Amino acid sequence: MTQFQLLPLVLIAACLAQPVSAQINPFRGTRATPLNADDIAALTDATNRLLDRPGLAAGAKETWSNTKSGANGTVTAGNATKRKGLACRVMQYDVSVPGPHSERNRTLTWCKTKDGWKLAS
């Protein structure tokens, strides 16, 4: 796996895992069980399948699950947009992890670069 293929995984891990810095954690303030590396990998695979879908329409969904941890979720494509001249896509994440405060969701924007899809900053 190249460094460019790892970048989305690392960024999602930074955004969804607990604990992480309050500035970059879109789930800050939750007491939910953290996503593990296998959860992040499954979520990333679902995101990539969706973003790479030809003719992707808003509302299209991909599901993911990790039978070992019991975590699962849905990635839903939102509207296409542009940022800094790049084609981007808003994505909605609905995640469930066993334990207290198990349900959470977040909206992130991904932009297509020459090196692949990257989280918008």
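Residues numbered from 1 in each chain as written. Predicted model: local features only at pLDDT ≥ 70, side-chain atom pairs only at ≥ 80, totals over all residues. Heavy atoms only, no water.

A. Region of the structure containing unusual backbone geometry. Non-glycine residue K84 carries a positive phi angle of around 50°. Mapped onto the elements, K84 comes out in the loop between β2 (72–83) and β3 (86–96). (Helix = DSSP H or I, 4+ residues; strand = E, 2+ residues; numbered from the N terminus.)

B. Structural detail: the side chain of S96. The residue S96 is located in strand β3 in this model. Side-chain polar atoms of S96 contact the side chain of E103, separated by 3.0 Å. If we ignore the near neighbours within four places in the chain, the residues touching S96 are G70, A71, N72, S102 and E103. (Polar contact = N/O pair within 3.5 Å; in protein donor to acceptor, adjacent residues only side chain to side chain. Contact = heavy atoms within 4.5 Å.)

C. Representation of the sheet that holds strand β5 (residues 116–119). Spatial strand order, β1-β2-β3-β4-β5: 5 strands in an open sheet with antiparallel pairing. A single partner strand is all that each edge strand has here, and the edge strands are β1 (61–65) and β5. Strand-to-strand, the axes of this sheet are offset by a mean angle of 30°, without reference to chain direction. Inspection of the sheet shows β1 paired to β2 by 5 bridges, in the antiparallel sense. (Pairing = 2+ DSSP bridges. Axes fitted to C-alpha atoms, helices over the stretch in contact; angles between N-to-C directions.)

D. Looking closely at the pattern of salt bridges. Inspection of every chain in the model, using the stated rule, returns 2 salt bridges. As a salt-bridge pair, R49 and E62 come within 2.9 Å of each other at their nearest N and O atoms. Of this pair, R49 sits in helix α2 (residues 37–51) while E62 sits in strand β1, and the two are 13 residues apart along the sequence. Given a relative accessible area of 41%, R49 falls into the partly exposed group. In the salt-bridge network here, residues are joined through shared partners; they are R49, R53 and E62. (Salt bridge = Lys/Arg side-chain N within 4 Å of Asp/Glu carboxyl O. Buried < 20%, exposed > 50% of the residue type's maximum accessible area, 1.4 Å probe, protein only.)

E. Geometry of the state of the cysteines. This structure, assessed with the given rule, holds 1 disulfide. Shown here is the disulfide that connects C88 with C111, its sulfur atoms set 2.0 Å apart. Judged by the sign of its S-S torsion, about 100°, the bond between C88 and C111 is right-handed. Of this pair, C88 sits in strand β3 while C111 sits in strand β4 (residues 103–113), and the two are 23 residues apart along the sequence. On the accessibility criterion, C111 (5% relative accessible area) is buried. (Disulfide = S-S within 2.5 Å.)

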